[in-house]
Amino acid sequence: MKQNLGPIFVGYLPAPEALRGFLLAVCVLFVAGLAGFGLAIGVAQDDPGDGAFRFDYGRQTVTGVVELTPYPLLRVTEGNEHIPAGHTLMLAGTGKTNVESRAIPLEGQLAQVSGVMLQRGALDMLQLRGGRNGISAAEGALAPMETVSLGRWKLAGEICDGKCLAGAMRPGRGLAHKACANLCLLGKVPPVFVSSQPVEGSEFLLITGPDGTHLPEKAYHYVAQFVSLEGEVERRGDLLVLRLDPETLEVLQ
C-alpha cells in the first residue's frame, strides 16, 4: 500500500555564476564596512604628532651629571649639535626597560652617555646603548646644579609612558595605547604627564610618586585617561618634575 507523502517542495538553487557574484558582492561590502569602521576609529584618535626615533641624528654621546628622581636623568654639561649643555635628558633602556641599575652607582657623578634620541617637540629621551658603552663614569669638574621649586599645582591632562610618547610608538598616548603604556611603566620607563595647559612654558612633566618615589601603582589605573591631579612641581635644568599626590587623582568626564 502506497503512502501519500504530499507535495514535495524543491528549492531554487542559483546557478554557480550567480552564486559567485552574490558572494563577491557580500565580501566587497564587508571589506568596505571594515575600512569605514577603521577610518572612523582613526579619525577619532589624537594626532600621533611628530615623535620618533631620531636615527637621522646618528648616535649621540654627551657628558653630564646623573640624577635620580628616582627615574634616571642626565643634566648635560658637555653637549653637541643636537643636545646642548644645560639640557636635561630622561634616560631609558631598549624595549620596555629602564637603566636604573646602571645609573644608581653613578648618582651625583659625572658620566658619559651614548645612545639614540627619541624626540617629540620639547620632549627628549635617550635610549642608551648596552653596558658601559651606554653609560660610564667620566672625568671632570662637577658643575653646580640647581633645582627650583615651583610650588603645588592642580593640573589636567594624561599620564603616559615617556618613551612611547617621545616617539617609540605611534600613537604613544590615548586609550588605544593604555596596555602598552602600563607595561612600560611596570618596566620603570620614565612616565610623563602631558598637561592640557602649559606649566612654566612646558606641557610635558616627568611624573613621580610623592617624595621622589616611583609612580604608585594606584596611578596605573588612570593611565591614558583625561584626569585631574595635584602635586609639587620643580624645575631641574630645563625639565619639569611633578611629584604626584595620588589621593588627588580623578578621571574627568
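As a reminder, the structure under discussion sits directly above these lines.
Predicted, not measured: the structure shown is a model, and the values here were computed from it. (Residues numbered from 1 in each chain as written. Predicted model: local features only at pLDDT ≥ 70, side-chain atom pairs only at ≥ 80, totals over all residues. Heavy atoms only, no water.)

A. Just the side chain of Ser202, in detail. The topology assignment puts Ser202 in strand β10 (residues 202-208). A polar atom in the side chain of Ser202 sits 3.1 Å from the backbone oxygen of Phe204. (Helix = DSSP H or I, 4+ residues; strand = E, 2+ residues; numbered from the N terminus. Polar contact = N/O pair within 3.5 Å; in protein donor to acceptor, adjacent residues only side chain to side chain.)

B. Broad picture of the pattern of salt bridges. Summed over all chains, the structure comprises 8 salt bridges. With a shortest N-O distance of 3.1 Å, Glu67 and Arg236 are connected by a salt bridge. Note that Glu67 is positioned in strand β2 (residues 60-68) and Arg236 in strand β11 (residues 227-236), a separation of 169 residues in sequence. Accessibility assignment for this pair places Glu67 and Arg236 in one class, buried. We note a salt bridge from Glu234 to Arg236, for which the minimum N-O separation is 2.9 Å. Residues Glu234 and Arg236 agree in their burial class; the two are buried. Salt bridges sharing common partners tie together Glu67, Arg75, Glu234, Arg236 and Arg243. (Salt bridge = Lys/Arg side-chain N within 4 Å of Asp/Glu carboxyl O. Buried < 20%, exposed > 50% of the residue type's maximum accessible area, 1.4 Å probe, protein only.)

C. Just the environment of Arg235, in detail. Residue position: Arg235 is located in strand β11. When its relative accessible area of 23% is taken as the criterion, Arg235 is described as partly exposed. Through-space distance from the C-alpha of Arg235 to that of Leu150 is 7.1 Å; in sequence the pair is 85 residues apart.

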